[in-house]
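Coordinate inspection notes
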Amino acid sequence: MTPEAFLELALSLPETALGRHQSGLDLRVVGKIFASPADRPGGTAVVKLTLEQREILCAAEPNVFRPVEGMGASRGWTRVFVANADEATAGSALRMAWRNVAPPKVRKAHAAAVEASSDGRAA
């Protein structure tokens, strides 16, 4: 997957927009950061997972997912090596991260669209 395709996939999620945090771009749902574009060194992105989700994905696909180091590590932030991910894997991680931070009202309002994108249909 390319960084551009990853960004396009992320922006297809409901109520998602680009924002800016510290010195880089981020992806937000209703103002809450759930991921970053793949603009870090090596074409990596980060997604906000639960610690359990991160453990599962890192164990299942260590060439795609790795825990971030530093302060974000204890909060579930996970590095995604986008070039090593296919669309289904990247999309699944993005949808998890989106659901993890979207307010309940937004999750409920867009549940069908997010699930539809899981099936490969347009969100």
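Structural notes, computed from the coordinates. Being a predicted model, the structure only gives us computed values, none of them experimental.

All right, on to the overall build of the protein then. Within the protein one finds four helices and six strands. For the protein, the proportion of its 123 residues judged to be buried stands at 42%. In the protein, once contacts between residues fewer than 6 apart in sequence are set aside, the share between residues at least 24 apart is 49%. A total of about 6,700 Å² of accessible surface is found on the protein, and carbon and sulfur atoms cover 55% of it. For the protein, the centre of its 15 positive side-chain charges and the centre of its 13 negative side-chain charges are spaced 9 Å apart.

Turning next to the nonpolar core. Soluble globular proteins tend to bury their nonpolar side chains together. Within the largest apolar cluster, 29 residues are counted, with the highest numbers of intra-cluster contacts made by Phe6, Phe34, Val47, Leu94 and Trp98. Ranked by the residues each element gives to this core, the list is headed by helix 3 (residues 87-101), at seven residues. Apart from the residues lying within four places of it in its own chain, the contact partners of tryptophan 98 are Leu13, Pro14, Thr16, Val29, Phe34, Val106, Arg107, His110 and Val114.

Thresholds, definitions, all that
Residues numbered from 1 in each chain as written. Predicted model: local features only at pLDDT ≥ 70, side-chain atom pairs only at ≥ 80, totals over all residues. Heavy atoms only, no water. Helix = DSSP H or I, 4+ residues; strand = E, 2+ residues; numbered from the N terminus. Buried < 20%, exposed > 50% of the residue type's maximum accessible area, 1.4 Å probe, protein only. Contact = heavy atoms within 4.5 Å. Areas by Shrake-Rupley, 256 points an atom, 1.4 Å probe, with all protein chains shown as cover. Lys, Arg positive; Asp, Glu negative; His and termini not counted. Charge placed at Lys NZ, Arg CZ, Asp CG, Glu CD. Core = buried A, V, L, I, M, F, W, Y, C linked by side-chain atoms within 4.5 Å.

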